[in-house]
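An overview of the molecular structure
Chain by chain, the residues run as shown.
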Amino acid sequence: MRWSLATAAWRTGTLASAEFTLFYKPLPHIALSSRFYHTTRVCERSGAKARKHREKALKTKEKTAKLPDFGQKFEIGSKGSKSGFREQSGTVRLTTAALEWPLDADIDEKFAAKVRQQRLSTFCNSKDARRRCAYFGITDEQFTHWSGEFSKAVLNEKVERMKPKALVHLLVRNRLQGLDNYIVNQFFAFLESEAPHVITDLKYLREITDLRYPQEWAPSARTAKRKVIMHVGPTNSGKTYHALQRLKESRIGFYCSPLRLLAYEVFNRMSTAGISCSLITGEERLYPDYDTQPVKPVGYTADQIPISQVISCTIEMLPPNAVDVAVIDEIQMISDRQRGWAWTNALLSVNALELHLCGEPSAVPLVKRICAILDEKVEVREYKRLGELEVSSKSLEGKWENIQKGDCVVTFSRKNIYDIKKTIESATKMKCAVIYGGLPPESRVRQAELFNDPNSGYDVLVASDAVGMGINLSIKRMVFTALSKFDGDVVRPISVSQTRQIGGRAGRFSSGNEIGTVVAMESSDVDKLTKSMNTIPPELDAAGIKPTTAMIEMFSHQFPRVPFSQLWGMFRDICNVEDHYFLCSFDDQEEVAKVIEKLPLSVSERYQLIYSPVNAKDEIMKHCLLQYARAIAYKQECLVAKVIQLPEKPPKNRDDIKVLESWHRGITLYMWLAYHFMSIFPQLPQAASIKEECENAIQNGLIGLRTSADTKQVSNDSKDIRKALGLI
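The rules behind each value
Residues numbered from 1 in each chain as written. Predicted model: local features only at pLDDT ≥ 70, side-chain atom pairs only at ≥ 80, totals over all residues. Heavy atoms only, no water. Helix = DSSP H or I, 4+ residues; strand = E, 2+ residues; numbered from the N terminus. Buried < 20%, exposed > 50% of the residue type's maximum accessible area, 1.4 Å probe, protein only. Contact = heavy atoms within 4.5 Å. Areas by Shrake-Rupley, 256 points an atom, 1.4 Å probe, with all protein chains shown as cover. Pairing = 2+ DSSP bridges. Axes fitted to C-alpha atoms, helices over the stretch in contact; angles between N-to-C directions. Phe/Tyr/Trp six-rings, centres within 6.5 Å; stacked < 30°, edge-to-face > 60°. Lys NZ or Arg CZ within 6 Å of the ring centre and 35° of its normal. Arc of directions from axis to C-beta. Polar contact = N/O pair within 3.5 Å; in protein donor to acceptor, adjacent residues only side chain to side chain. Parallel < 35°, antiparallel > 145°, perpendicular 65-115°, else oblique. Left-handed = near helix turned anticlockwise from the far one by under 90°. Nonpolar A, V, L, I, M, F, W, Y, C, P; charged D, E, K, R; others polar. pLDDT = per-residue confidence, 0-100. Salt bridge = Lys/Arg side-chain N within 4 Å of Asp/Glu carboxyl O. Core = buried A, V, L, I, M, F, W, Y, C linked by side-chain atoms within 4.5 Å. Right-handed = clockwise from strand over helix to strand, strands pointing away. Expected span 1.5 Å × (residues − 1).

Quick look at the overall build of the protein now. In terms of helices and strands, the protein carries 27 helices and 22 strands. Residue burial in the protein is summarised as follows: out of 728 residues, 57% are buried. Taking the contacts inside the protein whose residues are at least 6 apart along the sequence as the reference set, 75% of them involve residues at least 24 apart. For the protein, the exposed area adds up to about 32000 Å²; of that, 51% sits on carbon and sulfur atoms.

Now the structure itself:
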């Protein structure tokens, strides 16, 4: 019997009282004088004797730890070091320069073995790993002994899930930080089999964090006889078009999009075609006006509310109702390290007679494996690009005057966008529109309209990687200013999938037949670009998942005095995940949890807030989040004008625009919360009005930047260009 919350919910449809009592039974080691808290205090806040013992143990480990021997340069990490690895002073780590990160398609078992050996050494010496293990009652002595035993077992290839072959896809997907977290998780799995006595009730903790059977979380979908059809092909191949055609023919159905812009585009397309269509996103709801529009509902609810033929929604707002046809776009994002859980949830829980999945061919094997578990067959329909796409054998030689009308210049650093815009406008006298992830969706649409309109005067687009998905753009030539970026750990090449998706946007969308061109700004990137564009992306190996509210609530009851923000990391470290799945990153959720930690919120309220559209690193958003969370905690009505304070003066430079972007996100969060806590956030129309005012101010600011002296011009010299872009 697998005592997991998922199994109980699937078998009974809800949690029976007896099961509820069993699941929420406090662990023996959580008593007032528990070993857990005693050990934590010893490790974190002990006296001089304990500190001296710990420091001696660490020094001993540093002296005796073997450095990975595979011809790479190593250094002892120090505070403030610019090395890509974030470890405490005194730990052994590999410098960014020493280990050149390969293209994702080139990451193989040999590379994985090298990285594994290095990170195991770091793990054994890591103060962070010791602290995380201490949360579960593991002493310094126990960690020193068992981490050594674990490392030996791994290097002797006795731990199946730590073999190089098993780590290749993890490094492609999550890179170093993901590997470090995975090592800690596998250490706990090792303890469960080899030393269960080290942690009291370790087996029980692993059972209540069991995520191996997510297909059991959606019992209604398991009763449906679904026909699964995959539409796969490159960008501009018509795969989504064919799926939408089937959606139009259905009696009732829905479309799930990765972006609000795409959901809105399908909403408009369906409405124009005379189909009753509703739009549902986190912060917006639009319904057909049956009195003025030439559309009719397909039926009515028990409360006489009209039912639309089609619902166009963002993937996180997946409708629970049964339909004839469901379309899920960009299915390859099922392996996204942060949002992949939403696609997995959709694949497993959609109750539809026909389920159409659109995306890259790399997702086919993974979807087939998951559907085989569900006893479902998958039909694959492949599409070829409608127009030709060529990769230029010559670069622009680092000269901005070589930029042409219809070009889209891509940079992977947002801070460079305005500098490049100014430089191009000075060198060519052509005006540039801009698109990047931090820009509100409505502003992106306006900038795209300026670029697509041949008479607007905006002939060039400067964009971040956000251009790879979403708005239709009339791009003749895609110009890559770089093919690598710093991801927080190392400087790594842009993935094959991302390069191909961005490059594939070249070629006019209106006809689909004009030849699109992909070109590198620098000569040194020509071969790299050609290789990426001609390489098949690696197959996806696992789908992202996240714990449910009930799972987190159950886990929190085992550690009643542990801060909620700390619980997320503890859950990640000890949970049990099956090979077809991986736990999505908790980094953003932990940051949000820290911001709202001291407020008297329920676990359910905290869970909703940490998965709301918020960036806790943005100070303005943090201010808004605190105000909103305080209103929820104390059940007080929150008026949008008391929180949102837009600047009175129009934006004059990039910093002013950035401030408005932050306030826009704060308004969007209010609107999102208004659909989850209606009585507390009652001013949805007022928020929408302020949001529009903010969008107008941003648009005017972007237009005014052309004459602003705030943006610096990037030199035409190739070396200066690369230095300004942070590439050297």
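With that settled, consider the sheet that holds strand 12 (residues 378-382). A sheet is described by the order of its strands in space; here 8 strands give the open sequence 6-5-9-4-10-11-3-12, paired in mixed fashion. Since the sheet does not close on itself, it has two edges, and those belong to strand 6 (284-286) and strand 12, each with one partner. Averaged over all neighbouring strand pairs, the angle between strand axes comes to 15°, with direction disregarded. Across 5 bridges, the pairing between strand 3 (residues 227-232) and strand 12 is parallel. Among the inter-strand pairings, Ile229 is bridged to a residue of strand 12, identified as Glu379.

Spatial strand order, 13-20-17-14-16-15: 6 strands in an open sheet with parallel pairing. Across the chains shown, the open sheet's two edge strands, defined by having one partner strand only, are strand 13 (389-391) and strand 15 (431-435). Direction aside, neighbouring strands of the sheet carry axes that sit 25° apart on average. Where strand 14 (residues 407-410) meets strand 16 (residues 458-463), 3 bridges bridge the pair, whose relative direction is parallel. Bridge pairing links Val410 to Ala463 in strand 16.

Here we come to the packing of aromatic side chains. The tally for this structure, following the rule as stated, stands at 24 aromatic pairs. Measuring from ring centre to ring centre gives 6.0 Å for Trp568 and Tyr611, while their planes differ by 70°; the resulting arrangement is edge-to-face. Here Tyr611 lies in the loop between helix 22 (603-610) and helix 23 (619-633) and Trp568 lies in helix 20 (residues 564-574), a separation of 43 residues in the sequence. For Trp568, a relative accessible area of 0% corresponds to the buried category. Overall, Tyr611 belongs to the buried group, its relative accessible area being 18%. Ring pairs connect the aromatic residues Phe123, Phe136, Phe143, Phe150, Phe187, Phe188, Phe190, Phe555, Phe559 and Phe571, which therefore count as one cluster. Note that Lys546 overlies the ring of Trp341, its terminal NZ or CZ placed 3.7 Å from the centroid. A cation sits over an aromatic face here: Lys546 above Tyr611, 3.7 Å from the ring centre.

Structurally, the α-helix is built with 3.6 residues per turn, so residues lying three or four positions apart point the same way. Inspection of helix 11 (residues 239-249) places Lys239, Thr240, Ala243, Leu244 and Leu247 among the buried residues, and these make up the whole buried set. Axial view of helix 11: buried residues confined to an arc of 125°, hence all on one face. On the buried face of helix 11, the contacting elements are strand 3, strand 4 (253-257), helix 12 (260-272), strand 9 (310-314), strand 10 (323-328) and strand 11 (352-359).

So, about the side chain of Ser278. Tracing the sequence through the fold places Ser278 in strand 5 (residues 277-281). In terms of polar contacts, Ser278 uses its side chain to reach the side chain of Ser308, at 2.5 Å. Those residues in contact with Ser278 that lie beyond four places of it in its chain are Phe267, Leu286, Tyr287, Pro288, Ser308, Val310, Ile311 and Ser312.

Looking now at the packing of helix 19 (residues 549-558) against helix 22. Viewed as axis vectors pointing N to C, helix 19 and helix 22 meet at an angle of 125°, and their least axial separation amounts to 10 Å. In terms of orientation, helix 19 and helix 22 fall into the oblique class. Pair helix 19 / helix 22 crosses with right-handed handedness. In this structure, helix 19 uses Thr549, Ile552, Glu553 and Ser556 to contact helix 22, whose residues at the interface are Val603, Ser604 and Tyr607. Partitioned by chemical class, the residues of the contact of helix 19 with helix 22 number 3 nonpolar, 3 polar and 1 charged.

This part takes up the confidence of the model for the protein. In low-pLDDT regions, the fine details of the predicted coordinates are not to be read closely. Per-chain confidence: the protein averages 84 in pLDDT, with 82% of residues scoring 70 or above. Across residues 1-98 the pLDDT falls below 50, and counting only partners more than four positions away or on other chains, this stretch makes 181 contacts in the model. Here residues 707-728 is modelled with pLDDT under 50, and outside its nearest four sequence neighbours on either side it reaches 45 contacts, counting other chains as well.

For the structure shown, the criterion picks out 36 salt bridges. Here Lys152 and Glu149 are joined by a salt bridge, their closest N and O atoms 3.8 Å apart. Residue Lys152 and its partner Glu149 are located together in helix 7 (residues 140-155), separated by 3 residues, close to a single helical turn. Judged by relative accessible area, which is 52%, Lys152 ranks as exposed. Measuring nitrogen to oxygen at the nearest pair gives 3.0 Å for the salt bridge that ties Asp579 to Arg161.

So, about the nonpolar core. Counting 163 residues, the largest nonpolar core has Phe136, Ile328, Ile403, Phe555, Tyr628 and Phe681 as the members making the most contacts within it. Sort the elements by how many residues they give to this core and helix 8 (residues 164-194) lands first, with 13 residues. Beyond its immediate stretch of four places on either side in the chain, Phe555 contacts Phe136, Leu205, Ile208, Thr209, Leu567, Met570, Phe571 and Ile574. Of all hydrophobic cores here, the second largest spans 27 residues; its members include Phe412, Ile435, Phe451 and Ile502.

So, on to the pairing of strand 11. Here is the key point about a regular strand: its side chains alternate between the two faces of the sheet. Burial within strand 11 is extensive, with 7 of its 8 residues counted as buried. Judged from the 6 bridges that link them, strand 3 and strand 11 form a sheet pairing that is parallel. Pairing of Ile229 across the sheet is with His356, part of strand 11. Pairing of strand 10 with strand 11, which is carried by 5 bridges, proceeds in the parallel orientation. Its bridge partner being in strand 11, Val325 is matched across the sheet by Glu354. Handedness of the crossover is the feature at issue here: the chain leaves strand 10, passes through helix 13 (residues 340-349), returns alongside strand 11, and the resulting connection is right-handed.

It is worth spelling out helix 16 (residues 441-452) at this point. Across its 12 residues, helix 16 extends 16 Å between first and last C-alpha, which sits within 8% of the 16 Å expected from 1.5 Å per residue. Regarding helix 16, the residues found buried are Pro441, Glu442, Ser443, Arg444, Gln447, Ala448, Leu450 and Phe451. On its buried face, helix 16 sits against helix 12, strand 14, strand 15, strand 16, helix 25 (654-674) and helix 26 (684-704).

Bringing unusual backbone geometry into the picture now. One non-glycine residue with positive phi stands out, namely Arg175, at about 60°. Mapping Arg175 onto the fold places it in helix 8. The exposure class of Arg175 is buried, given its relative accessible area of 12%. In this structure, Glu330 takes a positive phi of about 55° despite not being glycine. Mapped onto the secondary structure, Glu330 falls in the loop between strand 10 and helix 13. Glu330 gets classed as buried once you look at its relative accessible area, which sits at 13%.

Examined against the element boundaries, Ala243 turns out to sit in helix 11. Given a relative accessible area of 0%, Ala243 falls into the buried group. Linking Ala243 and His356, residues 113 residues apart in sequence, is a C-alpha distance of 6.3 Å. Apart from residues no more than four positions distant in its own chain, Ala243 is found in contact with His231, Val327, His356 and Cys358.

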